[in-house]
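Structural features, examined
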Amino acid sequence: MTTIPDPEKLATVLTERFGISLVSGVSRDDQGPIFDFRPADLHENEGFLIRTTVGWRSIVSHFEIGRFGAELLREMSRSSREQKNTFASLARELSGKDGKFRFRINGNQCNPLEPSTWPESWNGLELEIERTPVMIDHESGEDIGDKVLLWAGGLLGMVLSLLPLEEEISSGLPEGALRRVEVNRYERSRINRAICISVHGAQCKVCGLDFKERYGEIGRGFIHVHHVVPVSQMNADYKIDPVSELVPVCPNCHSMLHRQNPPLLITELKQYMLENESAES
């Protein structure tokens, strides 16, 4: 019998990771449980849905746009080259995890890894990723939850990478006021951070610490993100690749990386740690 994790807890993890409020639900069909995630502040007809179906030996995440989501689709088609390259980077990493894409624009098959080949104007979008075969412990709600977060989170990151985002500013503005925030391209955006974690996981790349394993559910998804290229070395036109230039690390290792300027490399800090462990043994 399949143990179904709490969809609200999964939505909370994705909400904290991406900085966008999500609502969730779960249902079942002949394949298995189906998890739905959608933006809380958009009507379902004007927003989008990430639907993830967990089969016996497969998992499929599917993007659906609302019936009146034409404006949302136009915004995605107008995304910058930088945004589309981020989409492609994440697609490449998920493909490396044996994910198979179905990606159609205007009814035509497109390569998610080659944004330069996409049409400029979009009137239709089909986006789906499937991982099969995949080993799933259906008696473990934690295992199912982790796989849903990986594939639903990956697809959500791809979608959000193509959307313009606004940020709520409370200081000096009326309550609830919104304005577009102009920031340098190297700002530590929530989306870049979330894409990094979706690709690399929430385990420290130096010491291996996983906060969920150490502290339980409260630690799920918690991790710092380190810039491989120091922010101080970037100019306003610098374009971050969140897959190759951001690395998940625990707070302790993050501090140690910055014990010198320029920061230590991940490999250098790992070597220090291994040498110290060898000296103590």
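Note that the structure is predicted; figures quoted are calculated from it, not measured. (Residues numbered from 1 in each chain as written. Predicted model: local features only at pLDDT ≥ 70, side-chain atom pairs only at ≥ 80, totals over all residues. Heavy atoms only, no water.)

1. Re the overall build of the protein
Secondary structure summary: the protein contains 8 helices and 11 strands in total. Computed over the C-alpha atoms, the radius of gyration of the protein is 20 Å, within 12% of the 19 Å expected from 2.2 N^0.38 for a compact globule of 281 residues. Seen through its principal axes, the protein has C-alpha atoms that stretch 60 × 50 × 45 Å. Scored against the burial criterion, the 281 residues of the protein give a buried share of 45%. A total accessible area of about 15,400 Å² is found for the protein, and carbon and sulfur atoms account for 46% of it. When the 31 basic and 41 acidic side-chain charges of the protein are each reduced to a single mean position, those positions are 3 Å apart. (Helix = DSSP H or I, 4+ residues; strand = E, 2+ residues; numbered from the N terminus. Rg over C-alpha atoms; globule rule 2.2 N^0.38 Å. Buried < 20%, exposed > 50% of the residue type's maximum accessible area, 1.4 Å probe, protein only. Areas by Shrake-Rupley, 256 points an atom, 1.4 Å probe, with all protein chains shown as cover. Lys, Arg positive; Asp, Glu negative; His and termini not counted. Charge placed at Lys NZ, Arg CZ, Asp CG, Glu CD.)

2. Quick look at unusual backbone geometry
For residues other than glycine, phi is negative in most cases, and the peptide bonds are mostly trans. Pro133 follows Thr132 through a cis peptide bond whose omega is -5°. Of note, Pro133 is situated in the loop between strand 7 (125–131) and helix 4 (141–161). A cis geometry characterises the amide bond from Asn261 onward to Pro262, with omega recorded as 5°. Locating Pro262 in the fold gives a position in the loop between helix 7 (251–257) and helix 8 (266–280).

3. Concerning the pattern of salt bridges
Under the criterion given, the structure shown has 12 salt bridges. A salt bridge links Lys212 to Glu142, with the nearest nitrogen and oxygen atoms 2.8 Å apart. Of this pair, Lys212 sits in helix 6 (residues 211–215) while Glu142 sits in helix 4, placing them 70 residues apart in sequence. For Lys212, a relative accessible area of 14% puts it in the buried group. One salt bridge in this structure joins Asp146 and Lys212, with 3.8 Å as the shortest N-O distance. You can see Asp146 sitting in helix 4 and its partner Lys212 sitting in helix 6, a full 66 residues away along the chain. Each of Glu142, Asp146, Lys212, Glu217 and Arg220 takes part in one network of salt bridges that share partners. (Salt bridge = Lys/Arg side-chain N within 4 Å of Asp/Glu carboxyl O.)

4. Topic: the environment of Leu49
Looking at where Leu49 falls in the secondary structure, it is placed in strand 3 (residues 48–54). With 104 residues separating them in the primary sequence, Leu49 and Gly153 have C-alpha atoms 12 Å apart. Ignoring sequence-local partners within four residues, the contact set of Leu49 consists of Asp36, Phe37, Arg38, His62, Phe63 and Glu64. (Contact = heavy atoms within 4.5 Å.)

5. Focus: the sheet that holds strand 5 (residues 100–105)
With antiparallel pairing, 7 strands are arranged side by side in an open sheet as 1-2-3-4-7-5-6. Both outer strands of the open sheet, strand 1 (22–28) and strand 6 (108–109), are each paired with one neighbouring strand and no more. For strand 5 and strand 7, the ladder comprises 6 bridges, and the chain directions are antiparallel. Its bridge partner lying in strand 7, Ile105 is registered against Leu125. Taken strand by strand, helix 3 (residues 81–96) contacts strand 5 and strand 7, and its axis lies near 150° from that of strand 5. Contacts from helix 4 reach strand 1, strand 2 (33–39), strand 3, strand 4 (59–65), strand 5 and strand 7, with the element oriented near 150° to strand 3. (Pairing = 2+ DSSP bridges. Axes fitted to C-alpha atoms, helices over the stretch in contact; angles between N-to-C directions.)

6. Things to note about the pairing of strand 2
For strand 2, a buried count of 6 out of 7 residues is recorded, marking the element as mostly surrounded by other parts of the structure. Note that strand 1 and strand 2 share 7 bridges and pair antiparallel. Its bridge partner being in strand 2, Arg28 is matched across the sheet by Pro33. Here strand 1 hands over to strand 2 after 4 residues, with Gly32 in that stretch at a positive phi of 150°. The pairing of strand 2 with strand 3 spans 4 bridges and is classified as antiparallel. Bridging across to strand 3, Phe35 finds its partner in Thr52.

7. As for the packing of helix 1 (residues 7–18) against helix 5 (residues 190–200)
Across the interface, helix 1 lies against helix 5 with an axial gap of 7 Å and an inter-helix angle of 125°. It follows from the interaxial angle that helix 1 and helix 5 lie oblique. In contact with Thr15, Glu16, Arg17 and Phe18 of helix 1, helix 5 contributes Arg190, Ile191, Ala194, Ile197 and Ser198. Here the contact of helix 1 with helix 5 is built from residues that sort into 4 nonpolar, 2 polar and 3 charged. (Parallel < 35°, antiparallel > 145°, perpendicular 65-115°, else oblique. Nonpolar A, V, L, I, M, F, W, Y, C, P; charged D, E, K, R; others polar.)

8. Concerning the packing of aromatic side chains
Under the counting rule described, the total for this entry stands at 7 aromatic pairs. Seen in terms of ring centroids, Phe87 and Phe103 are 5.5 Å apart; in terms of plane orientation they differ by 35°. Their pairing is tilted. Of the two residues, Phe87 sits in helix 3 while Phe103 sits in strand 5, which places them 16 residues apart along the sequence. Taken individually, Phe87 and Phe103 each receive the classification buried, so the pair is uniform in this respect. With a centroid separation of 5.9 Å and 20° between ring planes, the pair formed by Phe211 and Tyr215 is classed as stacked. Of the two residues, Phe211 and Tyr215 are both situated in helix 6; the distance of 4 residues between them amounts to about one turn of the helix. Relative accessible area serves as the criterion here: at 10%, Phe211 is assigned to the buried category. Judged by relative accessible area, Tyr215 falls into the exposed class, the value being 51%. (Phe/Tyr/Trp six-rings, centres within 6.5 Å; stacked < 30°, edge-to-face > 60°.)

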